[in-house]
Structures are given as C-alpha cells and as structure tokens.
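Spelled out, the chains give:
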Amino acid sequence: KDWCQHISMIIDTFTAISLNGVISEGMKNGSLIFQRVSSPDIVRFRSQIRDNYDAILVGGNTILADNPILLNSSSTNKRVVIDIHNNFPFDLKIFTNKPRNTLVLTKRKTEKSNYFQKLSNLGINILFMDMPNNSNEVVKELGKLNLRSLLIEGGSKTISRFLEASLINNLQVVVLPILISGIEQNLYEGTKNCPLKLVENKQIDGKYLFLRYCLGI
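These numbers were taken from a predicted model, which means no experiment stands behind them.

Rules used in this analysis
- Residues numbered from 1 in each chain as written.
- Predicted model: local features only at pLDDT ≥ 70, side-chain atom pairs only at ≥ 80, totals over all residues.
- Heavy atoms only, no water.
- Helix = DSSP H or I, 4+ residues; strand = E, 2+ residues; numbered from the N terminus.
- Buried < 20%, exposed > 50% of the residue type's maximum accessible area, 1.4 Å probe, protein only.
- Contact = heavy atoms within 4.5 Å.
- Areas by Shrake-Rupley, 256 points an atom, 1.4 Å probe, with all protein chains shown as cover.
- Polar contact = N/O pair within 3.5 Å; in protein donor to acceptor, adjacent residues only side chain to side chain.
- Arc of directions from axis to C-beta.
- Core = buried A, V, L, I, M, F, W, Y, C linked by side-chain atoms within 4.5 Å.
- Salt bridge = Lys/Arg side-chain N within 4 Å of Asp/Glu carboxyl O.
- Phe/Tyr/Trp six-rings, centres within 6.5 Å; stacked < 30°, edge-to-face > 60°.
- Pairing = 2+ DSSP bridges.
- Axes fitted to C-alpha atoms, helices over the stretch in contact; angles between N-to-C directions.

### Details of the overall build of the protein chain
- The secondary structure content of the protein chain amounts to six helices and nine strands.
- By the burial criterion, 50% of the 217 residues in the protein chain qualify as buried.
- Considering only contacts in the protein chain between residues 6 or more positions apart, those separated by 24 or more positions represent 65%.
- When the accessible area of the protein chain is evaluated, it comes to approximately 10800 Å², of which 47% is carbon and sulfur surface.

Right, here's the structure in full:
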C-alpha cells in the first residue's frame, strides 16, 4: 500500500527545524523559527522551493504569529489558509498584498457574516467547508480548483494532520544549528510511524543543511 493515498496532487512540506525537532518558538502559537533566519541564500532558496508549487498552505496560528506574505519569486502562487476561529486582523499581509491570491478555508457561521463580508470586500477568496480541518477534504476541494501541487509550511499541527492522513509526498527541512528548549511538542510528535528515504541533501550558506525525504519508500 502506498503511503500517499491521493492521486492528482503533489503535497510536500517545507520548514526550518532545530536540531531537536522544533519548528516554532513559544509554548503555544509560536513564531516559526524560519523567521530568525536572515541568510540571503536561505531566503532565495525558500523562494526557489515555492516556485515549484501552485499553492502554499499554512494554518491560522502561523498567520497570526508570523504575518507572512507566502509568495513565490513571481508572486503568482495561491495562498491557502485554514481559518477556524475567524479572528484574523484585516491588515495581514496575505490580505493587503495581492489579496486575490489568497484563499481562506473556513466553516460558514451566521454570526460571522460581517467578518466574511469584509474579507470578500478585500478581494479575498473564501471557500466554505463543513470540516476545514479535515486534510482529505481540503485536498479534495483544492483539486476541484485545478491546483496540482501544494506546499505546506506550517504549523506543526497542520503538518501533522496531513501526515496522519497519509497525504505527504516529501518532507523538506532546513536544519538550523540551534537547540530550542521549553517546547512541549516537536514537529512530528504524535504522528504514526512511516518509512522515509533520504533523496536529497545539501549545505546552504556554509551552516544550514537542507534535507528532502520521500515518504512510503
């Protein structure tokens, strides 16, 4: 049985990770440690990775913690955001910088109709789903939009859900030469065992290590 159960979409992850397997700082809803990397080589490399995908997906906590732009070098990719709590500020970069590139996955709530209307007025695309946290349903809906490749950049809960659903093709990480203490959960904690094969590794800027693992081999 193949590890990946989907057929029509390539789904990979890409994160920076500490030596002890942490991708964010803080006990809850922390900023991704990629935010502390200022190396121009790493910034260019991340942009090159993003160029290979139709869309970049992150969870709502990552948006609130980091306020990322999530665009590739040509600013043409879709940005997919899972919005469970409907509490995003309207001045986020994904809403003010090329807002029509942004797709919000959420559940329709009558009491949040004003919130959804404001997003729509900004030019944001909204996809209402019964279970926006269900990874299989997310993939199904994105497939209907003719998206054929998806890059998941965080956070750890979002990545873990896709791993649990056996939807990931490649795990891609940039290992940072740091240790981060005081964190309850590392990146892959709680996910089921899965076979990995190292298919690519290289050093970046003399001190960062890029690793790409293929699942299910």
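### Observations regarding helix 5 (residues 135-144)
- Here helix 5 has its buried residues at Ser135, Val138, Val139, Glu141, Leu142 and Gly143.
- The opening residue of helix 5 is asparagine 134, an N-cap whose side-chain oxygen sits 3.1 Å from the backbone nitrogen of asparagine 136.
- Directly after helix 5, the chain includes asparagine 146, whose backbone phi takes a positive value near 65 degrees.

### Some thoughts on helix 4 (residues 113-121)
- Regarding helix 4, the residues found buried are Tyr115, Phe116 and Leu119. Taken down its axis, helix 4 places every buried residue within 95 degrees of arc, on the same side. Residues of helix 4 that are exposed and point over 90 degrees away from its buried face: Asn114 and Asn121.
- Tucked inside the fold, the buried residues of helix 4 contact helix 3 (93-96), strand 4 (102-106) and strand 5 (125-128).
- Following helix 4 by one or two positions, glycine 123 adopts a phi angle in the positive range, close to 95 degrees.

### Notes on the nonpolar core
- In this structure, Phe14, Ile63, Phe95 and Val174 are the most contacted members of the largest nonpolar core, which totals 31 residues.
- In contact with valine 174, not counting residues within four places along its chain, are Phe14, Thr15, Ala16, Ile17, Phe34, Ile42, Phe45, Tyr208, Leu209 and Phe210.
- Core analysis: the second largest hydrophobic core is formed by 24 residues, Ala55, Val139, Leu147 and Ala165 among them.

### Side note on unusual backbone geometry
- A cis amide bond, omega -10 degrees, links glycine 154 with the succeeding residue glycine 155.
- Residue position: glycine 155 is located in the loop between strand 6 (149-154) and helix 6 (156-164).
- With phi around 65 degrees, asparagine 146 is a residue other than glycine that occupies positive phi space.
- For asparagine 146, the location among the structural elements is in the loop between helix 5 and strand 6.
- Notably, aspartate 205 is not glycine yet its phi reads approximately 60 degrees, a positive angle.

### Some words on the pattern of salt bridges
- The full count for this structure, using the stated rule, is five salt bridges.
- Residue glutamate 141 pairs with lysine 144 through a salt bridge whose shortest N-O separation is 3.3 Å. Of the two residues, glutamate 141 and lysine 144 are both situated in helix 5; the distance of three residues between them amounts to about one turn of the helix.
- Overall, glutamate 141 belongs to the buried group, its relative accessible area being 19%.
- You can call lysine 144 exposed: its relative accessible area is 58%.

### Section: the packing of aromatic side chains
- The tally for this structure, following the rule as stated, stands at seven aromatic pairs.
- For the ring pair phenylalanine 45 and phenylalanine 210, a centre distance of 4.8 Å and an interplane angle of 70 degrees mean the geometry is edge-to-face. Within this pair, whereas phenylalanine 45 is found in helix 1 (residues 40-50), its partner phenylalanine 210 is found in strand 9 (residues 208-215), the two being separated by 165 residues in sequence.
- Residue classification places phenylalanine 45 among the buried positions, given a relative accessible area of 9%.

### A look at the sheet that holds strand 8 (residues 196-204)
- As summarised here, the arrangement of the nine strands in space is 5-4-3-2-6-1-7-9-8, forming an open sheet in which the pairing is mixed. Here the strands that pair on one side only, and so sit at the sheet edges, are strand 5 and strand 8. Strand after strand, the sheet turns through a mean of 20 degrees between neighbouring axes, direction not considered.
- Of the pairings in the sheet, the one linking strand 3 (residues 78-82) to strand 4 comprises four bridges and is parallel in character. Of the residues in strand 4, the one forming a bridge with valine 80 is leucine 103.

In short, the description is geometric, and any link to function would need to be established separately.
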